[in-house]
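Here is how the chains run, residue by residue.
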Amino acid sequence: MENNKRYKYIFCDLDGTLLDDKMRHYKCYEEIVRKYGWTCISQEEYWNGKRRKEKRTVLLEKTGFQGTYKEYITLWKEWIERDEFLSHEVVRNDTVKGLEWMRGHSESLFLVTMRQDRRQLEKQLERLKLMPYFDKIVKGMPGVQRKCEVIDPGLGAESLVIGDT
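Residues numbered from 1 in each chain as written. Predicted model: local features only at pLDDT ≥ 70, side-chain atom pairs only at ≥ 80, totals over all residues. Heavy atoms only, no water.

Let us now look at the sheet that holds strand E5 (residues 136-139). One open sheet holds the four strands; their spatial order is E5-E4-E1-E6, and the pairing between them is parallel. Every interior strand has two partners, whereas the edge strands, E5 and strand E6 (159-162), have only one. With direction set aside, neighbouring strand axes in the sheet form an average angle of 25 degrees. Across six bridges, the pairing between strand E1 (residues 7-13) and strand E4 (residues 106-113) is parallel. Bridge pairing in E4 places Ile 10 opposite Leu 109. Against the sheet, helix H6 (residues 95-105) makes contact with E1, E4 and E6, and its axis sits at roughly 135 degrees relative to E4, the strand it touches most. Relative to E5, helix H7 (residues 118-127) is tilted by about 135 degrees, and along the sheet it contacts E4 and E5. (Pairing = 2+ DSSP bridges. Helix = DSSP H or I, 4+ residues; strand = E, 2+ residues; numbered from the N terminus. Axes fitted to C-alpha atoms, helices over the stretch in contact; angles between N-to-C directions. Contact = heavy atoms within 4.5 Å.)

Three or more residues of helix H2 (residues 43-51) are buried, namely Tyr 46, Trp 47 and Gly 49. Seen end-on, H2 carries its buried residues on one side only, within an arc spanning 155 degrees. For H2, the exposed residues lying more than 90 degrees away from the buried face are Glu 44 and Arg 51. Where H2 is buried, its residues touch helix H1 (22-35), helix H3 (56-61) and helix H4 (69-79). Taken from the residues just after H2, Lys 53 is the one with a positive phi, measuring 65 degrees. (Buried < 20%, exposed > 50% of the residue type's maximum accessible area, 1.4 Å probe, protein only. Arc of directions from axis to C-beta.)

A word on the pattern of salt bridges. Counting across every chain of the model gives 13 salt bridges. Two residues, Asp 15 and Arg 24, come together in a salt bridge whose shortest N-O distance is 3.3 Å. No difference in accessibility class separates Asp 15 from Arg 24, as the two residues are buried. With a shortest N-O distance of 3.8 Å, Glu 84 and Arg 82 are connected by a salt bridge. Ionic contacts of the salt-bridge type, sharing partners, join the residues Asp 15, Arg 24, Glu 89 and Arg 115 into one network. (Salt bridge = Lys/Arg side-chain N within 4 Å of Asp/Glu carboxyl O.)

One way to put it is that H1 packs onto H2 with a least axis distance of 11 Å and a crossing angle of 110 degrees. Between H1 and H2, the interaxial angle falls into the category roughly perpendicular. Crossing handedness for the pair H1 and H2: right-handed. Of the residues in H2, those in contact with Lys 22, Met 23, His 25, Tyr 26 and Tyr 29 of H1 are Gln 43, Tyr 46, Trp 47 and Arg 51. Class assignment for the residues of the contact of H1 with H2 results in five nonpolar, two polar and two charged. (Parallel < 35°, antiparallel > 145°, perpendicular 65-115°, else oblique. Left-handed = near helix turned anticlockwise from the far one by under 90°. Nonpolar A, V, L, I, M, F, W, Y, C, P; charged D, E, K, R; others polar.)

What follows concerns the nonpolar core. If you look at the biggest cluster of nonpolar residues, it comprises 19 residues, and the most contacted ones within it are Cys 28, Tyr 29, Ile 32, Tyr 46, Tyr 72 and Trp 76. Among the elements of the structure, H1, H2, H3 and H4 are those that each provide at least two residues to this core. With residues near it in sequence (within four places) discarded, Cys 28 still touches Trp 76, Trp 79, Ile 80 and Phe 85. Judged by nonpolar contacts, the second largest core, of 18 residues, contains Cys 12, Leu 19, Met 102 and Met 131. (Core = buried A, V, L, I, M, F, W, Y, C linked by side-chain atoms within 4.5 Å.)

Fair warning: the whole summary comes from geometry, so function is off the table for now.
Here you go:
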């Protein structure tokens, strides 16, 4: 490890950590609900439900949802990474300052994301001027436990993971 670098690797989550994605999520929900002619719940009610860890099915029931959950989630996955929704994400305060600190304290800075569309992701990172900070983009794995675990004991002491969950 380089003498002036504290960590060999830093892994940083994107959505919710570097970017505020609340409006993107709400706008996608809102468009799907309107497409089917249901009634949207307010942003406040939506996010209060999310904070209480209410399932999407419960949130949808509040809209007068008459379709199947599969219909909703299929559209959600298809639409959530569209430009019209990604444009609602904003870089969190002090993100650039934090990324500069991470670059200065690690040999490699990895972006970790659950995003599916690599082209859209790269386009957004370029637009937000975040792409140059990362050495590599790593796709996360759905279903992985949301607690810190040392996957490779050889990396643990030299690595840092930064995320919002």
